Amino acid sequence: MSDDNHTLPYPARDPEHPTLVIPGGADEADAAEAAPKPRRRKRWPWVLAIVLVVLALLVVAAELIVRAVLPGIVRGMVIEQLDLPADQQLEVEADGILLPQLIGGSLDTLHLSTDSVTLQGITGAVDATVTGVPLRGGDLRGASGTIRIDESQFGSLLADTDLPVESVTLEEPNATVSGSVTVLGLSIPLSLTVLPGVADGDLELTPVGAAIGGLEVDADQVGSSLGALGTRLTETQRVCIADQLPAGITLVGLKVVGSEAVIDVDVDGAIATDESLLEKGTCPRG
C-alpha cells in the first residue's frame, strides 16, 4: 500500500467561523431535549363550571315551574274542600324555595286571600296563613286568618240577639245597631252604640251610647224608659256565633276598622282531614 495519500489533519476550530451544526446532528437533538415542553391545560375545572351552571339553570327553571303550577293546584284543592264555586277568586302564595319543600313532602307557609267568599252564609274578604301543609295528606300544623265583613254581614251575626237590628252602622271603633222595640204594645225606636270585642270565643258587645226616638240618653234612662228589656239591652252582652261559623274556626278577635268589622280567627289544623270541622258549630242552649 502506498503512503502517497496521507489523511490530512482536521483543521483547528476558528473562533470567527464557528462550526455549523449539521441538521439532525447530536447538538440539535440535545437542544431539543433541553427545551421546555409546552404544558397542557387542565380542562376539568371548566367542565365542572359548565355543569354547575347548567344545574343551576335547571333548578331555577324547575322552581319557576313549580311556582307557576302550585297556586292552581292549591286553589283547586281549597275550592273542592270548601265546596266553593269553580270560578271562586283565590290568590295563593308560598314562602321560601319550593323544591326542597316538595321533596320533603310539606310546604312551610301558604298565604291565601280573596276579596269575597261565602262560608256558612257569611260573606267577606279573607286573608289566611297556613303552616305545615302536608302534600301527602294529614293535618295542618296551624292556620289563622282575618275575615273582613261589611255592615250588613255584621248585622246578620246579631240576628238572634235581643238587639234591635234593623240597620247597622260601623264607624271605627264602634258599631251602632238601630231598630225598634215593643213596650206595652208600643213600638219605640231605639239605637245602641256598642264597642265590639271577643271573650272566650264569643262576640262581646259593650254599650257606650244609646238613643230613644232619636234623642241621646244614658243607660239609666234606657232602663227606666223600657223596663227590664231596657236594662238587659244596656248590659254588656255575650253573643255566641259559633253556629254561624265552621266548627273548626274559633273567634279570637274583633274590631271595627273604618266601616268594616275585622274578625281574627284560629283554625284547627285537623280541618284538612275532619269534614265535621267544616260544618257549622254549635252554641250552648240557654
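Structure shown above.
For the structure given in this document, a descriptive report is provided here. (Residues numbered from 1 in each chain as written. Predicted model: local features only at pLDDT ≥ 70, side-chain atom pairs only at ≥ 80, totals over all residues. Heavy atoms only, no water.)

Within a regular strand, side chains alternate between the sheet's two faces. Side chains Ala175, Val177, Gly179, Val181 and Val183 project from strand S6 (residues 174-183) onto a buried face, and the interleaved Asn174, Thr176, Ser178, Ser180 and Thr182 project onto a face without burial. Adjacent in sequence and paired antiparallel, strand S5 (residues 167-171) and S6 are bridged by 2 residues. Strand direction decides the pairing type here: S6 and strand S7 (residues 186-199), joined by 9 bridges, are antiparallel. Along S7, the bridge assignment pairs Val181 with Ile188. Once S6 ends, the chain turns through 2 residues before running back antiparallel as S7, passing Leu184 with a positive phi of about 55 degrees. (Buried < 20%, exposed > 50% of the residue type's maximum accessible area, 1.4 Å probe, protein only. Helix = DSSP H or I, 4+ residues; strand = E, 2+ residues; numbered from the N terminus. Pairing = 2+ DSSP bridges.)

It is worth spelling out unusual backbone geometry at this point. For the bond from Glu172 to Pro173, the omega torsion is 5 degrees, close enough to zero to count as cis. Here Pro173 lies in the loop between S5 and S6. Non-glycine residue Gln120 carries a positive phi angle of around 55 degrees. With respect to the helices, strands and loops of the structure, Gln120 is situated in the loop between strand S2 (106-119) and strand S3 (122-134). Under the relative-accessibility criterion, Gln120 is labelled partly exposed at 28%. For Asp200, which is not glycine, the phi dihedral falls at a positive 55 degrees. Examined against the element boundaries, Asp200 turns out to sit in the loop between S7 and strand S8 (202-212).

This part covers the pairing of strand S1 (residues 91-94). Side chains Val92 and Ala94 of S1 all project onto a buried face; the interleaved residues Glu91 and Glu93 project onto a face where none is buried. Both S1 and S2 contribute to a ladder of 4 bridges, which runs antiparallel. Bridging across to S2, Val92 finds its partner in Leu112.

Attention shifts here to the side chain of Gln88. Relative to the assigned elements, Gln88 resides in the loop between helix H2 (44-82) and S1. Classification of Gln88 by relative accessible area gives buried; the value is 9%. In this structure the side chain of Gln88 is engaged in a polar contact, spanning 3.2 Å, whose partner is the side chain of Thr114. In this structure the side chain of Gln88 is engaged in a polar contact, spanning 2.8 Å, whose partner is the backbone oxygen of Ser116. Contacts of Gln88, omitting those with residues within four sequence positions, involve Arg75, Ile79, Thr114, Ser116 and Val117. (Polar contact = N/O pair within 3.5 Å; in protein donor to acceptor, adjacent residues only side chain to side chain. Contact = heavy atoms within 4.5 Å.)

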